[in-house]
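# Tertiary structure, described
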Amino acid sequence: MKRGGLVVVAILLLFVSGLFASEARLGGLAGGGWYILDESNVFFNPAWVGFDAYRGSVLAELGTYNGVTDPTGQYGYVNFGVGDMLTFGLAFNRDEGEVGSIIAGSGLPAPRNGLDLMGGLNIGNLNLGLGLYKSGAKDYTKNLDADTTVSESTEKTGVLGIHLGTVLNFGEKNILDAGLHLRFNSYKDEDVASGTTETEEIDGGMAMDLGIRSFYYINDDIALVPKVGFYTFSYKDKYTNSSNSSLNVTSGDWSKMTLFAGAGANYAFGDEGLVFGGVEFDMDKITDEMDSTDGTVKEEDT
């Protein structure tokens, strides 16, 4: 089955407070956040950490709240420059990665205490950036009977991210922006009982995405914004039994690839007003292979 997706981003009016909007607000713009400049862009492209308007800033993201569960997406971010060429950024408590959605409902602990470290180097009209991200969680349980260990359980999850980016200024105001992300997702559930160790863990789990966009100003207030990019992610579930290798199995081969392209524009007016819109085409290919009694069932959706 083949399916193409055409996403039309409606023209929206956004009043930006200060230099940036909240990331929660950008997330609600149906993909339109690509067509404006915002400080939260540093988490996709760390080269923005050295952007003059963002140096020396502090960002407190309030996240989203549905009135029932605890708020999500909250984090703090600080940015500071060292001389004219170097800038550093630090963020804490930010969520990133795919493992959280994979383990939902499994009882495994979701990664927490996310930490971002970013550095930017300014060389004339070129900004280069490197970002590192780390989050994780671990739960350990030991069951005892008369001071003798009966069973042990260790549950671990984590995300390691490497972010690379560049921002090139050309002409009077024009910008070329490119960011590459690598994320390594992990989970492991290990149970030890009666001398046997059973382990269920992820096999693979790497995600990669690349985004390129440009802000081309046709005058002081109007910018044309084309963009292209892709995303890919795949993983399997691996089970091992230390006492019976015939039970060892790797199953659930799941993968996704997304290609997208779009074009938009934004118009700035007054001190804090912005109108923007765009059209985007997305193509997704999802492959899901599941073990069954009849062998392997493969489902593809493109």
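See the structure above.
Residues numbered from 1 in each chain as written. Predicted model: local features only at pLDDT ≥ 70, side-chain atom pairs only at ≥ 80, totals over all residues. Heavy atoms only, no water.

The subject of this paragraph is the pairing of strand β3 (residues 75-82). Of the strand pairs in this sheet, strand β2 (residues 58-61) and β3 are connected by 4 bridges, and their pairing is antiparallel. Each bridged residue has a counterpart across the sheet, and for Glu61 the counterpart in β3 is Tyr75. Where β3 lies against strand β4 (residues 86-92), 7 bridges are found, and the strand directions are antiparallel. Bridged to Asn79 within β4 is Gly89. Between the end of β3 and the start of β4, which pair antiparallel, lie 3 residues, with Gly83 showing a positive phi angle near 70 degrees. (Pairing = 2+ DSSP bridges. Helix = DSSP H or I, 4+ residues; strand = E, 2+ residues; numbered from the N terminus.)

Turning our attention to the side chain of Asp209. Tracing the backbone shows Asp209 in strand β9 (residues 196-217). Classification of Asp209 as buried rests on a relative accessible area of 10%. A polar contact is formed between the side chain of Asp209 and the side chain of Arg183, at a distance of 2.8 Å. Excluding residues that lie within four positions of it along the chain, Asp209 makes contacts with Phe44, Gly179, Leu180, His181, Arg183, Phe230 and Tyr231. (Buried < 20%, exposed > 50% of the residue type's maximum accessible area, 1.4 Å probe, protein only. Polar contact = N/O pair within 3.5 Å; in protein donor to acceptor, adjacent residues only side chain to side chain. Contact = heavy atoms within 4.5 Å.)

In this section: the environment of Gly165. By the secondary structure assignment, Gly165 is in strand β7 (residues 148-170). Spatially, the C-alpha atoms of Gly165 and Trp48 are 8.2 Å apart, while their sequence positions differ by 117 residues. The residues contacting Gly165, other than those within four sequence positions of it, are Asn45, Pro46, Ala47, Asn127, Leu128, Gly129, Ala178 and Gly179.

Before going further, it helps to spend a moment on a nonpolar patch on the surface. Taken together, the side chains of Phe80, Val82, Met85, Leu86, Phe88, Leu121, Ile123 and Leu128 make up a nonpolar region of the molecular surface, amounting to roughly 630 Å² of accessible area. Of all the secondary structure elements, the ones that give two or more residues to the nonpolar patch are β3, β4 and β5 (112-123). Within the secondary structure, Phe88 is located in strand β4. Accessibility expressed as a relative area gives 33% for Phe88, which makes it partly exposed. (Patch = residues over 30% accessible without salt bridge, like charges linked within 9 Å, V, L, I, M, F, W, Y side chains within 5 Å. Areas by Shrake-Rupley, 256 points an atom, 1.4 Å probe, with all protein chains shown as cover. Salt bridge = Lys/Arg side-chain N within 4 Å of Asp/Glu carboxyl O.)

In a soluble, globular protein the nonpolar side chains are often hidden away together inside. By size, the foremost hydrophobic cluster in this structure holds 21 residues, and its most contacted members are Val42, Phe43, Trp48, Tyr77 and Met118. Secondary-structure elements contributing two or more residues to this core are β3, β10 (222-241) and β12 (273-292). Judged by nonpolar contacts, the second largest core, of 11 residues, contains Leu108, Tyr133, Val159 and Tyr231. (Core = buried A, V, L, I, M, F, W, Y, C linked by side-chain atoms within 4.5 Å.)

This next bit is on the packing of aromatic side chains. On inspection of all chains with the given rule, the structure shows 10 aromatic pairs. Ring centres of Phe43 and Tyr75 lie 5.2 Å apart, and the angle between their planes is 85 degrees; this geometry places the pair in the edge-to-face category. Taken as a pair, Phe43 in the loop between α1 (23-27) and β2 and Tyr75 in strand β3 lie far apart in primary sequence, 32 residues in all. The pair Phe43 / Tyr75 is uniform in exposure class, with both members buried. When the centroid spacing of 5.6 Å and the interplanar angle of 75 degrees are considered together, the rings of Phe43 and Tyr77 count as edge-to-face. Of the two residues, Phe43 is situated in the loop between α1 and β2 and Tyr77 in strand β3; the sequence distance between them amounts to 34 residues. The exposure classification of Phe43 matches that of Tyr77, with both residues buried. The structure contains a cluster of three or more aromatic residues connected by ring pairs, namely Phe43, Tyr75 and Tyr77. The side chain of Lys173 reaches across the aromatic face of Tyr217, ending 4.3 Å from its centre. (Phe/Tyr/Trp six-rings, centres within 6.5 Å; stacked < 30°, edge-to-face > 60°. Lys NZ or Arg CZ within 6 Å of the ring centre and 35° of its normal.)

A few words on the pattern of salt bridges. All told, the structure shown has 7 salt bridges when counted by the stated rule. Between Arg112 and Asp139 there is a salt bridge, with the nearest N and O atoms lying 3.9 Å from each other. Within this pair, whereas Arg112 is found in strand β5, its partner Asp139 is found in strand β6 (residues 126-145), the two being separated by 27 residues in sequence. According to the relative accessible area criterion, Asp139 is partly exposed, its value standing at 31%.

Turning next to the environment of Lys238. The topology assignment puts Lys238 in strand β10. By relative accessible area, which is 32% here, Lys238 ends up partly exposed. Setting aside chain neighbours within four positions, we find Lys238 in contact with Thr199, Glu200, Glu201, Asp203, Val249 and Thr250.

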